[in-house]
Amino acid sequence: MTARSIGVAHQIPRNSLALLMIAQVVVVLPLAPYISPWIVGVCLFCGYWRTQVYRGRWGYPASWVKTFLVAAAVAGIALSGFQSFSLEAATSLLVVAFALKLVEMKNRRDAYLVIYLSYFLIATGFLFDQSMAVTAYELAASVVVTAAMVGMNQLQTRVRPVASLRVAGTLVLQALPLTLVIFLLFPRIAPLWSIPVPSAATTGLSDTLTPGDIASLGRSDELAFRVIFDGDPPRQSELYWRGLVYSDFVYGTWALAAPLDALPRDSLDAESESASLSYEIFLEPTQSKWLFSLDTPRQYPDRVDLLGDYRLENPEPVMSVMRYKVISDPELSTDPVLDPAIRERESRLENPNDNIRLQAYARDLYERAGSVEAMVYAMMAHIREEPYSYTLNPPTLARYDSIDEFWFDTRRGFCSHYAGAMVYALRSVGVPARMVGGYQGGEINPVTGHMVVRQYDAHAWVEVWIEGKGWQRFDPTAAVAPARVEDGLNAALSSEDRETLSFLSATRMESENVLADALRFFDSLEYRWNLWVVGYDVDTQANVLKKLFGEVTPSRIGVALVLGGAVSLAMVVLGLFFWRKPASSHPSERVFSRFCAAMSRHGIKRLPGETPVVFLERIAEEKNIDVGILPELVQRALYDPIGSQQRSARMNLKKELRKLRFRLALG
Amino acid sequence: MDSAALTDQQQTGSSLKNKESNTRLGGRFGAWLDRRIPPGQRITLSQRNVFIFPTRSGFTFGGLLVILILGAINYQNSLVHGVAFLLGSIFVVTILYTFRNLSGLSLELAQSGNGFVDEDVEFAVRVTRPKGKGREGIQIGWPDGFKQWVEVYDREASVVKLYVRADRRGWLKPGRLLVETYFPLGLLRAWTWVDIEARALVYPKPIFQSIPATQSSRHRDEGELIDPLGSDDFVDIREYEPGDRIKNIIWRSYARSDELVVKRYASYLEPRLWFDFEDLAGDTEEKLSRLTGLALQATRAEREFGVRLPDRTIDPGVGETHLDQVLRELALFGIHDR
């Protein structure tokens, strides 16, 4: 019942093929840092192969070659050392599949599959980075991919890629208003199931901590999170962002213990309303469940748990920027009565034979000090008085007796070295103590007033349980480098350490620097982007909709969607059905009329009906200037049957007119 | 020969049946279409007569959107939501684009050619667009022919030639013309079936045979002397010219007068050929085919000819116009729709 298509209709048009090759590069490029370098090589090779197929030099891969390539790629990814089922491994697999599909792409259906995969890869890019710059880039990428799809439906003999790109660009621009309406109104919902790609820590803290690790974080200026406080932020030295509680120490490495149960909600009563801190955090993806907060969270989002060690935990790993509001109460005493199970957990030594010298030192110190607090202060005094130093580049320690080596021999370390030694010493005498990992400090962005916490703010400190007082925070780093706690890392670093910093990290830490100011300005833009777009989640949407509609009902949302959609499409309808293309004048005429407009600013107006040549002669007379060959050029570019079709004639005219204007301007 | 012609006839009959159902596009649907989009010589497309529906690629695209939204929800990623919403919005905008690409176009038959059975007959269709933006990526085609791309981009009208295989003599009505577009993304198909009342005359398939043997005319002054050789009819005598046959020399006369004189014999061709339906072999269709062949041959030989059909006689004539008239009568023999 339908007319037949000629065979050509099943082929991929040439301009669409060219656009697909460009799209491949454009789409894979932002993923390149997250996948193995050899996969980028595979993509380039596949692109080259397909180009050779197009030129007729190589053939499509035979089926055994395809089978071999797929097997080799899967094996390669398995051997690439990704954590199994990590986002990176999944993305690598997707990129390889995309590249191989590109090679064997023969007909329209294959091309559409490649196009859809391209869109999918664009979305995947946002799993790794949601910044404004990446968004702008991916928007441009989507225009290229859409252009490839447009090319599939145009007559291939006439259309060049630029024409397809123009259609696609218009299409994407026209779709944007509707996108915004849907973005605002489409109901956001909580995750449906847990994602099978957890825990591939990129940068940031991890669930194990070897004291040297955190020092390498000190060199990264990557964003950890942004915070906006209701009211004034506390002093720098009070900003201890708790995230992880390391309770186990096994031969040189601190690790999280099995998570404690969640505390019942509202179990903590406000001690004093006035001292409580209310703030909202925009946490960059950590691929982990832990959330950061100040001591001690009293109110937190419904989906989030407060665990027995007073840290917040999200039900699923944080894969995108997550915003959450917390009210903390710094005065709140935690665990005034310690549960025996927790006491055991926080005071045990896994390897009693490790670090024997420190154990003996601790027993001696405890005996002399008489109390837990006195012992802690004695240790701090020891650090202050002995030649200990604070450095980003600590010496490497052996796996066994690592704390002994640090405390007695090398005496050079980062925050975690000092914290680890103190916790170990306290545990040696049976005192419950634990190492807390997180960030300390933060920089206020003067443009928007939010606080920025970066990876170089990563810090480790100590919590000690003291009879009658509960858990108390102590920071041995304050003993070795008080400036670190008061003024941030930069103030505490030696000049040798500073040289090991990357340029950007070093710049950001400066307060008086033009480039640092520019970076702060971009950070403020990025903050607003996070506030309005990236952080537009279930709760934020509920608030916004409540403000817009009062009561939020499905029917109101539906009506708003339809109305908003109609308004945002009205422009498109007007453009498509009612817009008439204005009669376009000859390009040389436009050149000359621009010249006339410039002349009227000089006080010489072209009279109605005055021909260009007469006008030029009048200029020559009135301004007493030589117009040279311009009359001939005008004649040629505007009226000569051949010259008026030539770009070169127009360009000549343009150049000479510009010269004339220049000479007139000089007088 | 006869049996072969008979099977041929049956085949023609069966394909004719197919043709009927094809052109009418099925009974009920066809009737509905006839009410919805009545036939006309010039049909302008609008929301009344254009249909639009997602293609298979369009449904796959929808699947992609669902996957993206699920991913966005599970990763709680606003920008993946954004990608899904952008693609969804593009789809919605595309509905307008695809519909607009056909809306306002006018279709009419510019010209139809003629042809013989088993040949492709040409129909030239003119597609005109209203002022405004150009249209591209449109395909048109008859149910039994190949689709052709149409571009009405820079110009306001373009003429597309379409070919339909003729499988029986008489009027070839290719039926409703399919006008469709997948522009811009191939996610949606907008299409319509319009009846622009196109028809073309199909002549019988010619069977060539030699023109029946010359018939002598009894009237000497009529016609043309054709074959001076080997005929019996004596015409006259004249002086010998080199090249005359020796046996035609009148030797007696030579003996008498010493002059070489030759006798001339000739037959006069009946100048007007008459091809008679009744005289030819085969059934009706075969006879018509033979007549067609004869008419073509006679015209090529620039001979004057007339045709006698059972119900009418076509007076002798010569040239293309005459041939057209003859072929038209042969094509429409026994068909009432003239």
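Residues numbered from 1 in each chain as written. Chains lettered and ligands numbered in written order. Predicted model: local features only at pLDDT ≥ 70, side-chain atom pairs only at ≥ 80, totals over all residues. Heavy atoms only, no water.

### Digging into the overall build of chain B
So, point 1. Per the secondary structure count, chain B includes 7 helices and 19 strands.
So, point 2. Every one of the 338 residues in chain B was classed for burial, and the buried ones make up 48%.
So, point 3. Taking as baseline every contact in chain B between residues at least 6 positions apart, the subset at least 24 positions apart corresponds to 67%.
So, point 4. With an accessible surface of roughly 17000 Å², chain B has 49% of that area assigned to carbon and sulfur atoms. (Helix = DSSP H or I, 4+ residues; strand = E, 2+ residues; numbered from the N terminus. Buried < 20%, exposed > 50% of the residue type's maximum accessible area, 1.4 Å probe, protein only. Contact = heavy atoms within 4.5 Å. Areas by Shrake-Rupley, 256 points an atom, 1.4 Å probe, with all protein chains shown as cover.)

### Things to note about the sheet that holds strand β6 (residues 290–291) of chain A
So, point 1. Spatially, the 3 strands line up as an open sheet ordered β6-β9-β8 (chain A), and their pairing is antiparallel. One side of each edge strand has no neighbouring strand; the edge strands of this open sheet are β6 and β8 (305–306) of chain A. (Pairing = 2+ DSSP bridges.)

### Concerning the packing of helix α1 (residues 14–28) of chain A against helix α5 (residues 108–128) of chain A
Residue and element names in this part refer to chain A.
So, point 1. With their axes 10 Å apart at the nearest point, α1 and α5 run at an angle of 25° to one another. Here α1 is positioned roughly parallel relative to α5, judged by the angle of their axes. In this structure, α1 meets α5 at a crossing whose hand is left-handed. Between α1, through Leu20, Val27 and Val28, and α5, the contact on the second element is made entirely by Ala111, Val114, Ile115, Ser118, Leu121 and Ile122.
So, point 2. For the contact of α1 with α5, the per-class residue count stands at 8 nonpolar, 1 polar and no charged. (Axes fitted to C-alpha atoms, helices over the stretch in contact; angles between N-to-C directions. Parallel < 35°, antiparallel > 145°, perpendicular 65-115°, else oblique. Left-handed = near helix turned anticlockwise from the far one by under 90°. Nonpolar A, V, L, I, M, F, W, Y, C, P; charged D, E, K, R; others polar.)

### A word on a positive patch on the surface
All names here are of chain A.
So, point 1. On the surface, Arg590, Arg594, Arg601, Arg647, Lys654, Arg658 and Arg661 cluster together into a patch of positive charge.
So, point 2. Counting residues per element, the ones that place at least two in the positive patch are α22 (587–601) and α25 (647–666).
So, point 3. When residues in the positive patch are grouped by element, the largest group, 4 residues, is from α25.
So, point 4. Along the chain, the position of Arg658 falls in helix α25.
So, point 5. Look at Arg658 and you get exposed, because its relative accessible area is 52%. (Patch = residues over 30% accessible without salt bridge, like charges linked within 9 Å, V, L, I, M, F, W, Y side chains within 5 Å. Salt bridge = Lys/Arg side-chain N within 4 Å of Asp/Glu carboxyl O. Lys, Arg positive; Asp, Glu negative; His and termini not counted. Charge placed at Lys NZ, Arg CZ, Asp CG, Glu CD.)

### Looking at the interface of chain A and chain B
So, point 1. Listed per partner, the contact involves 63 residues of chain A and 60 residues of chain B.
So, point 2. Regarding the contact of chain A and chain B, the summed buried area is about 5600 Å², with carbon and sulfur atoms giving 70% of it.
So, point 3. At the boundary of chain A and chain B, one finds 0 salt bridges.
So, point 4. Viewed at the interface, chain B and chain A are joined by 18 residue pairs in polar contact (both at pLDDT 80 or more).
So, point 5. Among the elements of the structure, α5, α6 (132–151), α7 (161–185), α19 (514–534) and α21 (554–578) of chain A are those that each provide at least two residues to the side of chain A that touches chain B.
So, point 6. Here the element with the most residues in the side of chain A that touches chain B is α7 of chain A; it accounts for 11 residues.
So, point 7. Across the side of chain A that touches chain B, the residue classes break down as 45 nonpolar, 13 polar and 5 charged. (Buried area = accessible area lost by both parts, 1.4 Å probe. Polar contact = N/O pair within 3.5 Å; in protein donor to acceptor, adjacent residues only side chain to side chain.)

### A closer look at the domain arrangement of chain B
Residue and element names in this part refer to chain B.
So, point 1. The domains assigned to chain B are domain 1 (15–54 + 101–203), domain 2 (224–269) and domain 3 (272–331).
So, point 2. Just the C-alpha atoms count here: the centres of domain 1 and domain 3 sit 34 Å apart.
So, point 3. Facing the 7 residues of domain 1 at the interface are 9 residues of domain 3.
So, point 4. Roughly 640 Å² of surface becomes buried between domain 1 and domain 3 when both sides are summed, with 63% attributable to carbon and sulfur atoms.
So, point 5. Three residues stand out in domain 1 for area buried against domain 3, namely Phe116, Arg169 and Tyr203, and they jointly supply 74% of the buried area on that side.
So, point 6. Viewed at the interface, domain 3 and domain 1 are joined by 1 salt bridge.
So, point 7. Residue Glu285 pairs with Arg169 through a salt bridge whose shortest N-O separation is 2.9 Å.
So, point 8. Here domain 1 is connected to domain 3 by 2 residue pairs in polar contact (both at pLDDT 80 or more). (Domains from an automatic or database assignment.)

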